[in-house]
Amino acid sequence: MEWIDKYLEHVRVERRLAPRTVELYAFHLRALTDHAAEANLPLDRVQTAHIRRWMAQLHSAGREPRGIALVLSCWRSFYRWLGHEGLIGFNPVQDVHAPKAGRPLPKALGVDDAVRLAELYDPEADPWTEARDGAIVEMLYGCGLRVSELTGLDAQASATAFGWVDLDAMEAHVLGKGSKRRSVPVGSKAAEALRDWLAVRGERQEPALFVSARGARMSSQAVWKLLRERSLKAGLAAPVHPHMLRHSFASHVLQSSSDLR
């Protein structure tokens, strides 16, 4: 315990850590001491295999990866200090990492919220912008497009186009992940919204299907922004982003929802 007391004094005085942090360090280091005592080991004889075993025990006991990472950070810092003091020859925690936290699935909109967003129309807004933004929402939700696939669409099919929409065949041809082409069906609502948009889009030099007011191809950031503003205007509880609409599309298809555009 003498080493631990000196280390805690070091982080308290020299590193000036907050009192609460010092308390957490003391708690985690007491746990380290207990583990070492159960294994009949002095702290300077602890090996990487011991650290891994103790981390596995924490994980199997239900400790979250983030909590395990905090414990490891404390122990790693303690052994690093011991090394600086010349008390050990290597850090047994150096190459030990916490288990990766599972990535939560993106939240999907409920069917009613998705339909409310898709059907939003602001009569006081600029008709050109309303037609464009309405078509964007329909394509993201009704077709399950990625935002990069949406912004890559051209108004006309060509040898140089990354993607385009064939309204006669009711299909969108897009360039997806890994530069792989895929075709997705375009629902009647999305097709109707696209026709409305094309009617007001006008003839432009820019080949992109969706363009900004300045005539340039829309960026992914611009789509994120308009979705956030449009979802708040629709009265949804939280801002919507493109991947949320894509995930909503997938969820509602699996649920066989009544209105999937």
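Above this text is the structure in question.
A brief look at the structure comes next.

Parameters at a glance
Residues numbered from 1 in each chain as written. Predicted model: local features only at pLDDT ≥ 70, side-chain atom pairs only at ≥ 80, totals over all residues. Heavy atoms only, no water. Salt bridge = Lys/Arg side-chain N within 4 Å of Asp/Glu carboxyl O. Helix = DSSP H or I, 4+ residues; strand = E, 2+ residues; numbered from the N terminus. Buried < 20%, exposed > 50% of the residue type's maximum accessible area, 1.4 Å probe, protein only. Expected span 1.5 Å × (residues − 1). Core = buried A, V, L, I, M, F, W, Y, C linked by side-chain atoms within 4.5 Å.

Concerning the pattern of salt bridges
What the rule picks out here adds up to 11 salt bridges. Between K6 and E2 there is a salt bridge, and its shortest N-O distance comes to 3.4 Å. You can see K6 and its partner E2 sitting in helix α1 (residues 2-13), four residues apart, about one turn around the helix. Given the relative accessible area of 53%, E2 is considered exposed. We note a salt bridge from D133 to R132, for which the minimum N-O separation is 2.9 Å. Through salt bridges with shared partners, a single network forms among R146, E149 and R182.

Section: helix α4 (residues 65-84)
Counted at 1.5 Å a residue, the expected span for α4 with its 20 residues is 28 Å, and the 28 Å between its end C-alpha atoms agrees. Looking one or two residues past α4, G86 carries a phi angle of roughly 75°, positive in sign.

Comments concerning the nonpolar core
Of all hydrophobic cores here, the largest spans 43 residues; its most connected members are M139, L145, V165 and F210. Within the residue set of this core, elements represented by two or more residues are α5 (111-118), α6 (127-143), α7 (147-151), β3 (171-175), α8 (188-201), α9 (220-233) and α10 (242-254). Residue contributions to this core peak at nine residues, all from α6.

Things to note about unusual backbone geometry
Positive phi outside glycine occurs at N40, with the angle close to 55°. Inspection of the secondary structure puts N40 in the loop between α2 (19-38) and α3 (48-60). Even without glycine at this site, M170 takes up a positive phi of about 55°. Counting through the fold element by element, M170 comes out in the loop between β2 (163-166) and β3.

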